[in-house]
Amino acid sequence: MSISLSPLRFPQLDASTRGRWAPVFLSPILGSPERFVIAVAAANGSDFHIERANELKRLSCLYGKAAETALFAADVAIDELEAALIDKGEAALVESTLVFSGVTLGQVSEGEARSLQHLSRTWMSAMSSLYRFIPESMEIRDEDRPDAGVTADRLPALVLDHVNKTNPGLVGYFSDEIRHFRKRRPSSGIAEINIDFTGARLVANFATLRSNTTALAVDRIKRKMFDLKVRQDRDGGLFEPRTHEMILFTPSRDSPLLNEKQAERIDEAVATLKEQSDNEGFGFTALHGVPEIGARVITAETQVQGTA
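What you see is a predicted model; the values in this text were computed from it and never measured. Chains are numbered independently. Their residues run from 1 in the order of the written sequence. Local features are withheld for residues below a pLDDT of 70 in this predicted model, meaning they are given only at 70 or higher, and side-chain atom pairs are given and counted only at 80 or more; totals for whole chains, interfaces and linings count all residues. Heavy atoms from the whole structure form the basis of all side-chain values; hydrogens and water molecules are not counted.

(A) Summary view of the packing of aromatic side chains. Aromatic pairing here means that ring centres of Phe, Tyr or Trp (its six-membered ring) are within 6.5 Å. Orientation follows from the plane angle: under 30 degrees is stacked, over 60 is edge-to-face, and everything else is tilted. Across all of its chains, the model carries 5 aromatic pairs by this definition. Seen from their ring centres, phenylalanine 36 and tyrosine 63 are 6.5 Å apart, and the 90° between their planes marks the pair as edge-to-face. Here tyrosine 63 lies in helix H1 (residues 58–63) and phenylalanine 36 lies in strand E2 (residues 36–43), a separation of 27 residues in the sequence. Each residue is placed in one exposure class: buried if its accessible area under a 1.4 Å probe, protein chains only, is under 20% of its type's maximum, exposed if it is over 50%, and partly exposed if it falls in between. The class for phenylalanine 36 is buried, based on a relative accessible area of 13%. Considering the side-chain rings of tyrosine 173 and phenylalanine 197, the 5.7 Å spacing of their centres and the 75° angle between planes classify their relative orientation as edge-to-face. Taken together, the residues span a long stretch of sequence, with tyrosine 173 in the loop between helix H5 (155–166) and helix H6 (176–180) and phenylalanine 197 in strand E6 (residues 197–198) at a distance of 24 residues. Tyrosine 173 gets classed as partly exposed once you look at its relative accessible area, which sits at 28%. Judged by its relative accessible area of 0%, phenylalanine 197 is buried. Geometrically, a lysine NZ or arginine CZ counts as sitting over a ring once it is within 6 Å of the ring centre and also within 35 degrees of the ring normal. Lying over the aromatic face of phenylalanine 25, arginine 35 brings its terminal NZ or CZ to 3.7 Å of the ring centre. We count a stretch as a helix when DSSP gives it H or I for four or more residues in a row; a strand needs E for two or more, and each element gets its number in order from the N terminus.

As structure tokens, this is what we get:
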């Protein structure tokens, strides 16, 4: 008996995608050969994907408070690379010069996988000690994250972690979204506002002002300030008034990580936001580190309580 074989009788392989990829290295100590893989960027002629390290907090175990500067540099440099990929496509993997001397692109290689995301995830899993592979079935979809469509701001979660170490009794004042990182609940007839910290004496929103995406960051911060103003108006009838405050993380004006133009953009943005907060009648503070922000929250929430 003869058996005729046809390509139709064989299972079809999933379509694959070819692309070029490169690791992104972070050197926390300038002048030292020590470095970490903090991302893998993959691109081809039509698309790109950057898979970021999702366990950067491990750097804090090695460098303590000094890790904050490195983490800020990592976030800004990867955002800069993303902007370059949008502008230049895969050519950015070769041409891009990242603004921070401690962050560099590695050698560009070619690869193939089901998608550019899968390609970059595979190499991050193989190369980075700052990355934990999460099966796709367990991931939170982008559209289910708070502020979908906007680069996630890690600041509120970092502030929560710091406060938890210093005064765990205040953790319950942080929003459910920050404590559990879950989707915002849909509005139920009343205009919904999002507040990061709602204490007995302090109501606050937190945000990071980045030097390379200042215009987008200012728009996002203004939305958070609007929510704060709405909450302040609603709290107007409280017997015990609460302080309402917008708290920013910004790089220091004299930080070596900023060039003069970036520092000027930060100054202008802070001045604009401060003027708006003054007009609206609530507080505004720009600080340069998570411990300072955490201390501000703890002091504002507990100092008055202790004298009440």
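(B) How the structure looks around the sheet that holds strand E7 (residues 202–208). A pair of strands is considered paired only if DSSP assigns at least 2 bridges between the two. Here we have 4 strands laid out as an open sheet, ordered E6-E7-E8-E9, and mixed in their pairing. Looking at strand neighbours, the two that pair on one side only are E6 and strand E9 (283–287), the edges of this open sheet. Relative to E7, E6 runs antiparallel, the two being bridged by 2 bridges. In the strand pairing of E7, phenylalanine 197 is matched with alanine 204. Against the sheet, helix H8 (residues 260–280) engages strand E8 (243–249) and E9, with an angle of about 160° to E9. Any two residues having at least one pair of non-hydrogen atoms within 4.5 Å are treated as being in contact. Throughout, an axis means a line fitted to C-alpha atoms (over the contacting stretch in the case of helices), and angles, computed between N-to-C directions, take values from 0 to 180 degrees.

In short, geometric facts, not functional conclusions.
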